[in-house]
Amino acid sequence: MNDTNGWLALLKENPGHSQWYIDRFRKLAEEGADLHGEARLIDAMAGRGARILDAGCGPGRVGAYLAEAGHDVTGVDLDPTLIAAARTDHPGAQWLVGDLADLDLPGDGFDLIVCAGNVMTFLAPDTRRTVLGRFKRHLRTGGRAVTGFGTDRGYPPEQFLQDAEAAGLTPQLLLSTWDLIPYVDGSEFLVAVLTPRLPDTAS
């Protein structure tokens, strides 16, 4: 089994990677780049004032947009440097340091969970099903989890869908981009909208 988290491996090789990542997106924002495609999709899926979890939030790019749109946003990331940047740049949401494999947040769950930025591919492979299971447990009735990652990053879509099924999540919609282009075999990116699997009511 592989218990190596890809982000932590990057930091081990280059301790300055987190700050580089923060500076990169701050510069893109200053230059007026459109950094909110993921968040616009999530906002369109959410009722006003929804409770949203930004899982693997990094420095807060997605969650900040959603908080400004009026949602109740909690962001979680295992990198304290990224969380510190999120708290500095985007005080409108709650930002927490935590491992998604150990996710255990108070409250009655979330209407939506968004896991963007290739987070799923950075997870240690032997924790992926655990993380998806944690997502399921943190969803309210009728809630949905939305993940997005490149299909060439070591986590084949078919394996992801098997892991989601094992975690009790069913794909509701598969896309190849955050702007609603349908997913087909061979797409370079997968955006998966997942819902908790309904219990089998057959007698």
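Our subject is the structure that appears above.
This is a predicted model, so every value here is computed, not measured.

Q: Teacher, can you tell me more about the packing of aromatic side chains here?
A: In total, this model carries six aromatic pairs according to the counting rule given. Ring geometry for Phe-149 against Phe-160: centres 5.2 Å apart, planes inclined by 70°, an arrangement best described as edge-to-face. Of the two residues, Phe-149 is situated in strand 5 (residues 139–150) and Phe-160 in helix 8 (residues 157–166); the sequence distance between them amounts to 11 residues. On the basis of relative accessible area, Phe-149 is assigned to the buried category, the value being 0%. You can call Phe-160 buried: its relative accessible area is 0%. Ring centres 5.8 Å apart and planes at 85° place the aromatic pair Tyr-155 and Phe-160 in the edge-to-face group. Taking the relative accessible area as the measure of exposure, Tyr-155 reaches 1% and is therefore buried. Through pairs of rings, three or more aromatic residues link up here, namely Trp-7, Tyr-21, Phe-25 and Phe-122. Above the face of the Phe-110 ring, Arg-51 is positioned so that its terminal group lies 4.1 Å from the ring centre.

Q: What should I look at first to understand helix 4 (residues 61–68) in this one?
A: Each full turn of the α-helix corresponds to 3.6 residues, which orients residues three or four apart in the same direction. Counting buried positions along helix 4 yields six of eight residues, so the element is predominantly enclosed. Of the surrounding elements, those touching the buried residues of helix 4 are helix 2 (17–30), helix 3 (37–45), strand 1 (51–55), strand 2 (72–77), strand 3 (94–97) and strand 4 (110–115). Phi turns positive, to about 105°, at Gly-70, one or two residues after helix 4.

Q: Which parts of the structure should I look at to understand the nonpolar core?
A: Proteins that are soluble and globular tend to have nonpolar side chains buried together. Grouped together as the largest cluster of nonpolar side chains are 28 residues, with contacts concentrated most on Leu-53, Leu-100, Ile-113, Met-120, Leu-132, Phe-135 and Phe-160. At the level of secondary structure, the elements contributing two or more residues to this core comprise strand 1, strand 4, helix 6 (119–122), helix 7 (128–137), strand 5, helix 8 and strand 7 (189–196).

Q: Just to check I follow, could you spell out the sheet that holds strand 4 for this structure?
A: Across a sheet, strands are paired by hydrogen bonds formed along the backbone, either parallel or antiparallel in direction. Read across the open sheet, the seven strands follow the order 3-2-1-4-5-7-6; overall the sheet is mixed. Of all the strands in the sheet, the pair left with one neighbour each is strand 3 and strand 6 (169–175). Along the sheet, successive strands turn relative to each other by an average axial angle of 20°, direction set aside. Bridge analysis of strand 2 against strand 3 gives four bridges, and the strand direction is parallel. Directly across from Thr-74, in strand 3, lies its bridge partner Gln-94.

Q: Got a minute to help me understand the packing of helix 1 (residues 6–13) against helix 2 in this structure?
A: For any two helices packed against each other, one specifies the inter-axial angle together with the distance between the axes. Where helix 1 meets helix 2, the axes come as close as 8 Å, and the angle between the chain directions of the two elements is 105°. Relative to helix 2, the element helix 1 is oriented roughly perpendicular. Mapping the contact onto sequence places Trp-7, Leu-10 and Leu-11 in helix 1 and His-17, Ser-18 and Tyr-21 in helix 2. For the contact of helix 1 with helix 2, the residue count by class is four nonpolar, two polar and no charged.

Q: Would you mind going over the environment of Asp-108 with me for this structure?
A: Here Asp-108 is to be found in the loop between strand 3 and strand 4. Judged by relative accessible area, Asp-108 falls into the exposed class, the value being 59%. Each C-alpha atom, one on Asp-108 and one on Arg-140, is 6.7 Å from the other, the two residues being 32 residues apart in sequence. Excluding residues within four positions of it along the chain, Asp-108 makes contact with Arg-51 and Arg-140.

Q: Teacher, can you tell me more about the pattern of salt bridges here?
A: Two side chains bearing opposite charge may form a pair once their charged atoms approach each other closely. A complete count under the given rule lists nine salt bridges for this structure. Two residues, Arg-140 and Asp-108, come together in a salt bridge whose shortest N-O distance is 2.8 Å. With Arg-140 in strand 5 and Asp-108 in the loop between strand 3 and strand 4, this residue pair connects regions lying 32 residues apart in the sequence. Among the residues examined, Arg-140 registers a relative accessible area of 25% and is labelled partly exposed.

Q: Would you take a moment to explain the side chain of Arg-61 for this structure?
A: Note on placement: Arg-61 falls in helix 4. Classification of Arg-61 as buried rests on a relative accessible area of 18%. A distance of 2.8 Å separates the side chain of Arg-61 from the side chain of Glu-38, its partner in a polar contact. When near neighbours in sequence (up to four residues on either side) are disregarded, Arg-61 contacts Phe-25, Leu-35, His-36 and Glu-38.

Basis of the calculations
Residues numbered from 1 in each chain as written. Predicted model: local features only at pLDDT ≥ 70, side-chain atom pairs only at ≥ 80, totals over all residues. Heavy atoms only, no water. Phe/Tyr/Trp six-rings, centres within 6.5 Å; stacked < 30°, edge-to-face > 60°. Helix = DSSP H or I, 4+ residues; strand = E, 2+ residues; numbered from the N terminus. Buried < 20%, exposed > 50% of the residue type's maximum accessible area, 1.4 Å probe, protein only. Lys NZ or Arg CZ within 6 Å of the ring centre and 35° of its normal. Contact = heavy atoms within 4.5 Å. Core = buried A, V, L, I, M, F, W, Y, C linked by side-chain atoms within 4.5 Å. Pairing = 2+ DSSP bridges. Axes fitted to C-alpha atoms, helices over the stretch in contact; angles between N-to-C directions. Parallel < 35°, antiparallel > 145°, perpendicular 65-115°, else oblique. Nonpolar A, V, L, I, M, F, W, Y, C, P; charged D, E, K, R; others polar. Salt bridge = Lys/Arg side-chain N within 4 Å of Asp/Glu carboxyl O. Polar contact = N/O pair within 3.5 Å; in protein donor to acceptor, adjacent residues only side chain to side chain.

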